[in-house]
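This is what each chain is made of:
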Amino acid sequence: MLDVAFTYADLEFFLLILVRVTCFIYIAPFFSMNNTPRRVRIGLGVFIAYLLFVYLDHNEVVYDTVTEYAVIVMKEALVGLLIGLAAQLCMTVVSFAGRISDMEVGLSMVSLMDPATRESSSFTGVLYQYAFTLFLLITGMYQYLLQALIDTFTLIPVSGAVFHTDSLVDSLIRFLGDYVTIGFRICLPVFCVILLLNCILGILAKVAPQMNMFAVGMQMKVLTGLSVLFLTVRMLPGAADFIFREMKVLIAAFVEGMMVT
């Protein structure tokens, strides 16, 4: 007969671990894909939380009222959400770069359903999303995300998070400054080629005004843009490495902003 015995303190400690892990899985890239069944994500969160429960030293959760325990639960949820948000913000750069590329090429009116978010997204944005998700799997970045989550339980003990608002806001502002830079680095080849093509079409419109450059230009932009996207596929691994480095820096900055000084 299976006999499983645990105390209320163990149950409280396990639930706090579960809250942080599930909140991370809810928002982190790759783990939060909406085409993954919810039961699978919940099962993964419970499994990781159980392994951490067995691995970690059990600290007594000190509280006097139910309200204080609810506050501790909210703190653990916020820790998991901030860690996952740090990674998710870096992946949203891909959609930003895709929308800029589509506006330049002339595909801004074309929309596809992003399987990761089940929201309408641009054509190039979906292409970049698939590519960078594939790079995340190939490079083992998803393992780093899980390892970062596990390390937070050592750096930020359960019920021991202290939110330094100034540090978190400074880290976010610093990343937003790099957000536009990263996005333009990804779509820069398309942007430069289409800009050069617009200059050529403008000159031709003056030289040969009898030609309808509007009709010709739309077709040339689409063909040129797709050609540039095809030729610059080799640049995507370098851009993915750059995004993953920024992801590591932002996650580390967010964790430092929640550590006890």
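To be clear, the structure that these remarks concern was listed above.
Here's what I pulled together on the structure shown here. (Residues numbered from 1 in each chain as written. Predicted model: local features only at pLDDT ≥ 70, side-chain atom pairs only at ≥ 80, totals over all residues. Heavy atoms only, no water.)

**Overview of the overall build of the protein**
Of the regular secondary structure elements, the protein holds eight helices and two strands. Overall, the protein shows an N-to-C arrangement of helices and strands of α-α-α-β-β-α-α-α-α-α. The C-alpha radius of gyration of the protein comes to 24 Å, more than 25% above the 18 Å expected for a compact globule of 261 residues. Taken over the C-alpha atoms alone, the protein extends approximately 85 × 45 × 30 Å along its principal axes. In the protein, buried positions account for 42% of the 261 residues. For the protein, the proportion of contacts with a sequence separation of at least 24, taken over those separated by at least 6, is 82%. (Helix = DSSP H or I, 4+ residues; strand = E, 2+ residues; numbered from the N terminus. Rg over C-alpha atoms; globule rule 2.2 N^0.38 Å. Buried < 20%, exposed > 50% of the residue type's maximum accessible area, 1.4 Å probe, protein only. Contact = heavy atoms within 4.5 Å.)

**So, the environment of leucine 168**
Structurally, leucine 168 is set in helix α6 (residues 165-207). According to the relative accessible area criterion, leucine 168 is buried, its value standing at 14%. Spatially, the C-alpha atoms of leucine 168 and phenylalanine 254 are 5.9 Å apart, while their sequence positions differ by 86 residues. Setting aside anything within four residues of it in sequence, one finds leucine 168 in contact with Leu82, Phe163, Phe254, Gly257 and Met258.

**Side note on the packing of helix α3 (residues 66-105) against helix α8 (residues 236-256)**
Viewed as axis vectors pointing N to C, α3 and α8 meet at an angle of 155 degrees, and their least axial separation amounts to 9 Å. Judged by the angle between their axes, α3 and α8 are roughly antiparallel. Regarding α3 and α8, the two cross each other, and that crossing is right-handed. In contact with Leu82, Ile83, Ala86, Ala87, Leu89, Cys90, Met91 and Val94 of α3, α8 contributes Ile243, Phe244, Glu246, Met247, Leu250, Ile251, Phe254 and Val255. Partitioning the contact of α3 with α8 into residue classes produces 15 nonpolar, no polar and one charged. (Axes fitted to C-alpha atoms, helices over the stretch in contact; angles between N-to-C directions. Parallel < 35°, antiparallel > 145°, perpendicular 65-115°, else oblique. Left-handed = near helix turned anticlockwise from the far one by under 90°. Nonpolar A, V, L, I, M, F, W, Y, C, P; charged D, E, K, R; others polar.)

Function-wise, these values are silent; they only describe arrangement.
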